[in-house]
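Okay, here's what each chain looks like letter by letter:
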Amino acid sequence: MGTREHGILNRKTFSMGGVHPPESKGATEALAIETPPLPKTVFIPLQQHIGAPANALVKKKDEVLTGQLIGEAVGMVSAPVHASVSGVVKNVAAVPTGYGPRSMAIEITVSEEQAWAEGILQEPDEAFRLDDLEPKALLAALKSAGLVGMGGAAFPTHVKLSPPPGVSIDHLILNGAECEPYLTADHRLMVERADDVVRGADVLRRILGVELVHVGVEDNKPDALAAFAEAQGRAPWLRIHPLKTQYPQGAEKQLIRAITGREVPSGKLPLHVGVVVQNVGTAFAAFEAVFLNKPLIERVTTISGSAVANPKNLALRIGTPVADAVAFCGGATESLSKLILGGPMMGKAVRSLDMPVMKGTSGVLLLSEGESPELEEDDCIRCAMCVQACPQGLTPCDLANFIEYDTGDKALVSRAADMGLNECVECGSCNYICPTRRRLVQWIRLGKALHREVKK
Amino acid sequence: VSKLTQKLILSSSPHASGPESVPRIMYVVVLALLPAVVAAILFFGMKALAVMLVAVVAAVVVEALILMLRGESAKRAWRRALDGSALITGLLLALNLPANSPPWMVVIGVVIAIGVGKHVFGGLGNNIFNPALVGRVFLLISFPALMSTWMKVPEAGTERWNAPFESLDSLTGKVEGVEAFTEATPLGLIKTQKNAALGVKETQARYGRDIKSFLPLLIGKRGGSLGETSVLALLIGAIFMFWRGVIRWHIPLSFIGATLAVTGMMWLIDPSIYLNPIYHLLTGGLIIGAFFMATDMVTSPVSPMGMIVFGAGAGILTAVIRLWGSFPEGVSFAILIMNGLVPLIDQKFHPRRFGVGPEPGNKTTQEAHNG
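What you are looking at is a predicted structure, and each value in this text was computed from that prediction instead of being measured.

(A) View of the overall build of chain A. Counting secondary structure elements, chain A contains 12 helices and 16 strands. In terms of overall dimensions, chain A is globule-like: its C-alpha atoms have a radius of gyration of 22 Å, near the 23 Å expected for 456 residues. Taking the principal axes of the C-alpha coordinates as reference, chain A spans close to 65 × 50 × 45 Å. Per-residue burial for chain A yields a buried fraction of 61% across its 456 residues. Taking the intrachain contacts of chain A between residues at least 6 apart in sequence as the baseline, contacts between residues at least 24 apart amount to 74%. Of the roughly 17100 Å² that chain A leaves accessible, carbon and sulfur atoms contribute 53%. Side chains of chain A give 46 positive and 52 negative charges; the mean places of these two sets differ by 4 Å.

So, in structure tokens, the structure goes:
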């Protein structure tokens, strides 16, 4: 049987770097997930992840049911989208989203009468057994349910679960680290729905044909660890790994290193070391997709920060305007200075509360000036704190300086690339620790973009 | 809501910044230097305090004036001049001067340190050489006599020499108001004698040769610059810096280790003409250099391996200059030479990148299964 001890001595962590920003989870970690009333309108973006946008299947004035397919996947790295509400299509047009300034979205006016599309269950069928379905059928179910990684990057799940021929996967890791400050959506899901997360993990396990599933949870969530320990009785293949609370514990490569001791080679994917990582939210979505035939139309999102009246964990329909979710939390306060989709370390600052919640929106943070001060950038003093903090073993100060002082011929950009520029995972640890407030991640992002031009 | 969103700030992640700042780092170093400051006052009296005050005030004023010359507003210039970095340069320079340095010489040293050592290169963060050492070496070359006139300390073997703590007051009293002596430092003795063998004998006669006689050296009863003499006070400060994470072990350990290795090897080969390495450790500027000057963030490498190479290089150069150079002391020159090599070291040595090179882990795969 697996470990049940959550002691400090046997907790795991990654091999290099890392920081420990204030966790700031106190406002919401003990709050049960709430479901707000449906908004009047939803905007469902056709592109919610890297890869190709979905192709709209509905037009103006079409009536749609909750869970109905409204956008089909195009190409390999693509996921379908479904109506998250019942209503009437008001428009198919470009709206501002977290993905670039504008992206095509289906706008649906929510009807008074709500009905689910055919075949979607509210409770699992007692007679249903996972053994009844072949792994291929399970994979197809996830694909048609529009599953993407729920941790933030929103990479289509079926792609990650389809290793190329010849690659054997021997480890499936469930990512329950939730190392971003403020966010408690995964935490609450693990505490409240551990059994269903584990049932979803069983689906993923069968698709990959691996025996064991490892779940990694930072040790600041003892109740989530306890919930898994209880669920383990019904899932003897589950291995629970308490992780040190250290950012970025939940970064894919760092999590793999912490749990398996394996290091994903530079420029390679986790499957090269036989590992697939899935977020606990994705496992829950897999449960819904297979046991309830329910597509991904809803997710848990943490609404927090000092500029929102009542921080909460909300189960939100995809496409819900952020403003509606914030209103349910008592609204924004005057001190609001930054609105972030995601966590404070890797999330995106957006300019409007009209942005829709997407499949990868793990949090909506309303930060005050004090929580997220805009500090003047000074010259690097070469203190090397960023070098110590980098979980990828890079030298962020040099990378940023090379980008800043590149004269336009891209010679220094190329040198930065030789030093591992493109291995940066943009976790922000260096930027966080920097005493001269260098915008290291921003410089590195710019450098990556410039380097893409060099390669052309 | 629209009113709220008008002022929303858009910026690249991360949206959180940690507690570190330049003043925070710099004032940790200033605090770490306080034991040495106190020791300097105890051993060398009010003259020492005067030298330090002149240096610190001059450093902050010169920093602010140069920043204004470079186009900063007065408000910003003063804020930056008070961020602690200029203060450290001034204080470190003072601690590397003899107690009887005249104020005008101290000011010249500060102007060179801040002006030439720091701002010619672009100010904080951009200088190649440790500013305090640039100032010190300038003074050493320009005013060699003043820079090697040390205050007298009690004779070895006398009651006051053997009573390390009780005598501090009277020692202070005695030195004050007394003319400066041209007394050689322990390392200086060996260079001023007719030959090395005589120098070794003289040093041993003057400072003793057994473990017991090293204790006064550890506390700081010897000729030398203000801040370098009390190894004990410097180590207290160094431990504080380690604790606050401002310095790491790589540079001090490789620096001291390399100096001890080279001087120790020569001593083992011929103890009649080479000093016991304990002298090299406890006298001269090795401790202040290794912990407080070679560790200067701006002028040292950023990778752990680079730091070790840098420290070891400085340690070897220190030993070579001390043993075979014409100067009795080599720490300042050694650090400055290695400062010049930092860009090359940083280009050559990097941390091991994640997923590059030897791949760990397959051994632990089984553990994960059993986990």
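(B) Focus on the interface of chain B and chain A. Each side of the interface is counted separately: chain B has 50 residues, and chain A has 83 residues. Contact between chain B and chain A buries roughly 5400 Å² in total, counting both sides, with carbon and sulfur atoms accounting for 55%. Looking only at chain B, the three residues that lose the most surface to chain A are His15, Arg353 and Phe354 of chain B, adding up to 16% of its buried area. Summed over the shared surface of chain B and chain A, the result is 6 salt bridges. Applying the counting criterion to the chain B and chain A interface returns 22 residue pairs in polar contact (both at pLDDT 80 or more). At the level of secondary structure, the elements contributing two or more residues to the side of chain B that touches chain A comprise helix 1 (2-6), helix 2 (22-44), helix 4 (74-81), helix 19 (331-348) and helix 20 (365-370) of chain B. Classifying every residue of the side of chain B that touches chain A gives 20 nonpolar, 20 polar and 10 charged.

(C) Representation of the nonpolar core. Core analysis: the largest hydrophobic core is formed by 125 residues, its most contacted members being Ile381 of chain A together with Met52, Leu92, Val110, Leu226, Phe255 and Phe292 of chain B. Top element by residues in this core is helix 2 of chain B. It accounts for 14 residues. Setting aside its immediate chain neighbours within four residues, Phe255 of chain B contacts Leu286, Gly289, Ala290, Ala294, Gly311, Ala312, Ala314, Gly315, Thr318, Val331 and Ile335 of chain B.

(D) Region of interest: the pairing of strand 6 (residues 87-95) of chain A. All names here are of chain A. As defined by bridge partners, strand 3 (residues 63-64) adjoins strand 6 across 2 bridges and the pair is classed as antiparallel. Bridging across to strand 6, Glu63 finds its partner in Val88. Here strand 6 runs beside strand 7 (residues 103-110); their pairing, made up of 8 bridges, is antiparallel. Its bridge partner being in strand 7, Val92 is matched across the sheet by Ile106.

(E) Structural detail: the packing of helix 5 (residues 85-95) of chain B against helix 7 (residues 131-142) of chain B. All names here are of chain B. Close contact between helix 5 and helix 7 brings their axes to 8 Å; oriented N to C, the two are set at 35°. The two elements helix 5 and helix 7 cross, and the hand of that crossing is right-handed. Side by side, helix 5 and helix 7 meet where Thr89, Leu92 and Leu93 of the first sit next to Pro131, Ala132, Gly135 and Arg136 of the second. For the contact of helix 5 with helix 7, the per-class residue count stands at 4 nonpolar, 2 polar and 1 charged.

(F) How the structure looks around the packing of aromatic side chains. For the coordinates displayed, the defined rule picks out 9 aromatic pairs over all chains. With centroids separated by 6.3 Å and ring planes inclined at 65°, the aromatic side chains of Phe121 of chain B and Phe129 of chain B adopt a geometry described as edge-to-face. Ring centres of Tyr274 of chain B and Trp324 of chain B lie 6.4 Å apart, and the angle between their planes is 80°; on these two criteria the pair is classed as edge-to-face. With Tyr274 of chain B in the loop between helix 15 (250-269) and helix 16 (277-282) and Trp324 of chain B in helix 18 (residues 304-324), this pair connects stretches of sequence that are 50 residues apart. Residue classification places Tyr274 of chain B among the buried residues on the basis of a relative accessible area of 14%. Lying across the ring of Phe291 of chain A, Arg199 of chain A places its NZ or CZ 5.2 Å from the centre. Directly above the ring of Trp243 of chain B sits Arg244 of chain B, whose terminal nitrogen or CZ lies 5.5 Å from the centroid.

(G) Structural context of the sheet that holds strand 1 (residues 41-45) of chain A. Taken in spatial order, the 4 strands line up as 1-7-6-3 (chain A) in an open sheet, and their pairing is antiparallel. The open sheet is flanked by strand 1 and strand 3 of chain A, the only strands paired with a single partner.

(H) Fine view of the environment of Arg438 of chain A. Residues and elements named next belong to chain A. Counting through the fold element by element, Arg438 comes out in the loop between helix 11 (429-433) and helix 12 (440-455). The spacing of Arg438 and Met346 is 92 residues in sequence and 16 Å in space, taken between C-alpha atoms. At 2.7 Å, the side chain of Arg438 and the side chain of Asn401 are in polar contact.

(I) Molecular detail of helix 12 (residues 196-207) of chain B. All names here are of chain B. Between the first and last C-alpha of helix 12 there are 16 Å, a value that for 12 residues agrees with the 16 Å anticipated at 1.5 Å per step. Considered for burial, the residues of helix 12 that qualify are Gly199, Val200, Thr203, Gln204, Arg206 and Tyr207. Burial along helix 12 is one-sided: seen end-on, the buried residues are contained in an arc of 165°. Turned more than 90 degrees from where helix 12 packs its buried face, Lys201 and Ala205 sit exposed.

(J) Helix 3 (residues 46-69) of chain B, seen in detail. Helix length check: helix 3 of chain B, at 24 residues, gives a terminal C-alpha distance of 34 Å against a target of 34 Å (1.5 Å per residue), a fit within 8%. Among the residues trailing helix 3 of chain B, Gly71 of chain B stands out with phi positive, at a value near 105°.

(K) Focus on the pattern of salt bridges. Under the defined criterion, the tally for this structure stands at 35 salt bridges over all chains. Its salt-bridge partner being Glu34 of chain A, residue Lys312 of chain A comes within 3.2 Å of it at the nearest N-O pair. Of this pair, Lys312 of chain A sits in strand 13 (residues 312-317) while Glu34 of chain A sits in the segment before strand 1, placing them 278 residues apart in sequence. The class of Lys312 of chain A is buried, set by a relative accessible area of 15%. Salt-bridge contacts for Asp196 of chain A lead to Arg193 of chain A; the nearest nitrogen and oxygen are separated by 2.8 Å. Note that Asp196 of chain A and Arg193 of chain A are positioned in helix 3 (residues 185-208) at a spacing of 3 residues, about one turn of the helix. A single network of salt bridges, built from pairs that share partners, joins Glu376 and Asp378 of chain A together with Glu72, Arg76, Arg79 and Arg80 of chain B.

(L) Examining the environment of Leu226 of chain B more closely. All names here are of chain B. Within the secondary structure, Leu226 is located in the loop between helix 13 (211-219) and helix 14 (231-243). Taking C-alpha positions, Leu226 is 12 Å from Pro35, a pair spaced 191 residues apart along the chain. Look past the residues within four positions of Leu226 in its chain and what remains in contact with it is Ala40, Phe44, Ala48, Val51, Met52, Ala94, Leu95, Leu97 and Ala99.

(M) Local environment of unusual backbone geometry. For the bond running from Tyr247 of chain A to Pro248 of chain A, omega is -5°, close enough to zero to count as cis. A cis amide bond links Ser13 of chain B with the next residue in sequence, Pro14 of chain B, at an omega value of 0°. You can see Pro14 of chain B is positioned in the loop between helix 1 and helix 2. Notably, Glu426 of chain A is not glycine yet its phi reads approximately 60°, a positive angle.

(N) Region of interest: the confidence of the model for chain A. In the predicted model, chain A carries a mean pLDDT of 92, and the fraction of residues at 70 or more is 97%. Scored below 50 in pLDDT, residues 1-8 of chain A shows 13 contacts in the model against residues more than four places distant or in partner chains.

(O) Expanded view of the sheet that holds strand 9 (residues 213-218) of chain A. Residue and element names in this part refer to chain A. Taken in spatial order, the 4 strands line up as 10-9-8-11 in an open sheet, and their pairing is parallel. Single-partner strands in this sheet number two, and they are strand 10 (238-243) and strand 11 (275-279). The sheet shows a mean angle of 25° between the axes of neighbouring strands, taken without regard to direction. Pairing of strand 9 with strand 10 involves 6 bridges; the strand directions are parallel. Bridge pairing in strand 10 places Val217 opposite Pro242. On the sheet, helix 3 packs against strand 8 (171-176), strand 9, strand 10 and strand 11 and is oriented at approximately 165° with respect to strand 8. Along the sheet, helix 4 (residues 222-231) makes contact with strand 9 and strand 10, crossing strand 10 at roughly 165°.

What counts and how
- Throughout this description, residue numbers start from 1 for each chain and increase along the sequence as written.
- Ligands are numbered from 1 and chains lettered from A, in the order in which they are written.
- Residue-level local features of this predicted model are given only where pLDDT is at least 70; pairs of side-chain atoms are given and counted only at 80 or more, and the full residue set underlies all totals for whole chains, interfaces and linings.
- The basis for every side-chain value is the complete set of heavy atoms in the structure, and neither hydrogens nor water enter the calculation.
- Numbering of helices and strands starts at the N terminus; helices are DSSP runs of H or I of at least 4 residues and strands are runs of E of at least 2.
- Only C-alpha atoms enter the radius of gyration, while the globule expectation follows 2.2 Å times N to the 0.38, with N the number of residues.
- Using a 1.4 Å probe on the protein chains alone, a residue whose accessible area is under 20% of its type maximum counts as buried, one over 50% counts as exposed, and one in between counts as partly exposed.
- In this analysis, two residues are considered to be in contact whenever any of their non-hydrogen atoms come within 4.5 Å of each other.
- Under the convention used here, a 1.4 Å probe and the Shrake-Rupley method define accessible areas, while residue burial counts only the protein chains that appear.
- For the purpose of charge, His is not counted, nor are the chain termini; Lys and Arg are scored as positive and Asp and Glu as negative.
- Every charge is mapped to an atom, namely NZ of Lys, CZ of Arg, CG of Asp or CD of Glu.
- Note on terms: buried area is the combined drop in 1.4 Å-probe accessible area of two parts once they are placed together, counting the loss on both.
- For this analysis, a salt bridge means a side-chain nitrogen from Lys or Arg found within 4 Å of a carboxyl oxygen belonging to Asp or Glu.
- Definition of a polar contact: a pair of N or O atoms within 3.5 Å, with one able to donate and the other able to accept a hydrogen when the atoms are protein atoms, and with sequence-neighbouring residues admitted only if both atoms are side-chain atoms.
- Three classes are used: nonpolar for Ala, Val, Leu, Ile, Met, Phe, Trp, Tyr, Cys and Pro, charged for Asp, Glu, Lys and Arg, and polar for all others, with Gly counted as polar.
- The criterion is simple. A nonpolar core is a set of buried Ala, Val, Leu, Ile, Met, Phe, Trp, Tyr and Cys residues joined through side-chain atoms within 4.5 Å.
- Being paired, for any two strands, means DSSP has found at least two bridges between them.
- Lines fitted to the C-alpha atoms define the axes, with helices restricted to the stretch that makes contact. Angles between their N-to-C directions range from 0 to 180 degrees.
- Left-handed describes a crossing whose near helix is turned anticlockwise from the far helix by less than a right angle; the clockwise case is right-handed.
- In this analysis, rings of Phe, Tyr and Trp, with Trp reduced to its six-membered ring, are considered paired at centre separations within 6.5 Å, and the interplanar angle assigns stacked below 30 degrees, edge-to-face beyond 60, and tilted for intermediate values.
- Charge over a ring is defined by NZ of Lys or CZ of Arg lying within 6 Å of the ring centre and within 35 degrees of the ring normal.
- Take the number of residues in a helix, subtract one, and multiply by 1.5 Å to get its expected span.
- As used here, the arc is the angular range of directions from the helix axis to the C-beta atoms.
- Per-residue confidence from the predictor is given as pLDDT, running between 0 and 100.

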